Amino acid sequence: MRSVLISIIGFSLMQALMVGCHDTDNAEGASNLTFSESSGLRSFIFPTDSVQPYIYAFSDIHRPVDEKFFRIYEMGENDTNKMLVERYNRNFQITEGYTFAVEDGFAVVDHMVVDGNGLKRKAHLTEREWFVLDTSMQVSFVSDFPAHLDSTLVVYKSNKHFERYEQEYDVLGDTVPAIVVRDSITFSLVHPTRKKGSVKSVVTNRVYAQNYGLVAWYDLNDKVHYKLKKILSNEWWETFAQ
């Protein structure tokens, strides 16, 4: 049971929230950037005008061979824009998927997790907020899904808040504004009957660059530190990853 929790914690340290298309033109005028209730932080999440899926490739700066891939694409459903983010390990095996309601503050409408046996598990959502849309906002996301042993549930809780603004941040050779979001995460193993189990916590800083979205994440001890290394096309993905 403990190995299941550790595996999920290690995987979730690789999460992030959302990613955006590569757009260097919009970095112009960054020195005049101000935060306000009206403009908020939406430009730090991701653009929503990409028709084709795109792939962000991350690697751990301490272990460059440890790569993670996010495949992002939009889909229309009942006249409401939704964006799907699929997450894969270095072997191109899917590990998790999120569906976001673009027109509803990017709330999570569906969460899927692949368990230790390789089975896709649909999660039950209690809290659906994922993105910090302004500097005063605090968001909470709570998801639970079955572990692969003893009918035990894994409860994943994420609480995020705006931590700081960085005027200049390097992303693939571009210097753009960025924000750092503090994410406090707890993982609990809960048995429906006994109501007992292990609890683990981790605090992660997530870096979102303007017009890119998520470009890095790391724990406070910098033992895990993933950075965006490449932006790949869907054609590349279909050729090499499928």
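For the structure, check the block above.
The present account deals with the structure reproduced in this document. Owing to the predicted nature of the structure, the values given are computational and were not obtained by experimental measurement.

Next up on the list: the overall build of the protein chain. Along its length, the protein chain carries 2 helices and 13 strands. By the burial criterion, 51% of the 242 residues in the protein chain qualify as buried. Long-range contacts, defined as pairs at least 24 residues apart, comprise 53% of the intrachain contacts of the protein chain with a sequence gap of at least 6. Summed over all atoms, the accessible surface of the protein chain reaches about 11,700 Å², with 47% contributed by carbon and sulfur.

A word on the pairing of strand β9 (residues 153-171). Across 9 bridges, the pairing between strand β8 (residues 138-146) and β9 is antiparallel. When the bridges of β9 are listed, Ser143 appears paired with Tyr156. In sequence, β9 turns back onto strand β10 (residues 174-190) through a hairpin of 2 residues, with Leu172 there showing a positive phi of about 55°.

When you line up the elements, Arg71 lands in strand β2 (residues 67-77). What Arg71 contacts, discounting residues up to four positions off in sequence, is Pro53, Tyr54, Ile55, Leu84, Val85, Glu86, Tyr88, Asn234 and Trp237.

This part takes up the pattern of salt bridges. Where side chains of opposite charge bring their charged atoms close, a pairing between them can arise. Considering all chains together, one arrives at 10 salt bridges under this definition. The residue Glu86 makes a salt bridge to Arg71 at a minimum N-O spacing of 3.3 Å. Here Glu86 is found in strand β3 (residues 80-88), whereas its partner Arg71 is found in strand β2, with 15 residues between them in sequence. A salt bridge links Asp110 to Lys122; its shortest N-O distance comes to 2.3 Å. Residue Asp110 is located in strand β5 (residues 107-114), and its partner Lys122 is located in strand β6 (residues 120-122); the two are separated by 12 residues in the primary sequence.

Below, the discussion takes up the environment of Glu74. Turning to its location among the elements, Glu74 is positioned in strand β2. You can call Glu74 partly exposed: its relative accessible area is 24%. Sequence spacing of Glu74 and Thr99 is 25 residues, and the spatial spacing of their C-alpha atoms is 9.3 Å.

Now for the environment of Arg90. Looking at the secondary structure, you find Arg90 in the loop between β3 and β4 (94-101). Look at Arg90 and you get partly exposed, because its relative accessible area is 45%. The sequence separation of Arg90 and Ala241 amounts to 151 residues, and the corresponding C-alpha distance is 9.8 Å. Ignoring anything within four residues of it in the chain, the contact list for Arg90 reads Val65, Asp66, Glu67 and Phe69.

Rules of the game
Residues numbered from 1 in each chain as written. Predicted model: local features only at pLDDT ≥ 70, side-chain atom pairs only at ≥ 80, totals over all residues. Heavy atoms only, no water. Helix = DSSP H or I, 4+ residues; strand = E, 2+ residues; numbered from the N terminus. Buried < 20%, exposed > 50% of the residue type's maximum accessible area, 1.4 Å probe, protein only. Contact = heavy atoms within 4.5 Å. Areas by Shrake-Rupley, 256 points an atom, 1.4 Å probe, with all protein chains shown as cover. Pairing = 2+ DSSP bridges. Salt bridge = Lys/Arg side-chain N within 4 Å of Asp/Glu carboxyl O.

In short, shape yes, function no, at least from these values alone.
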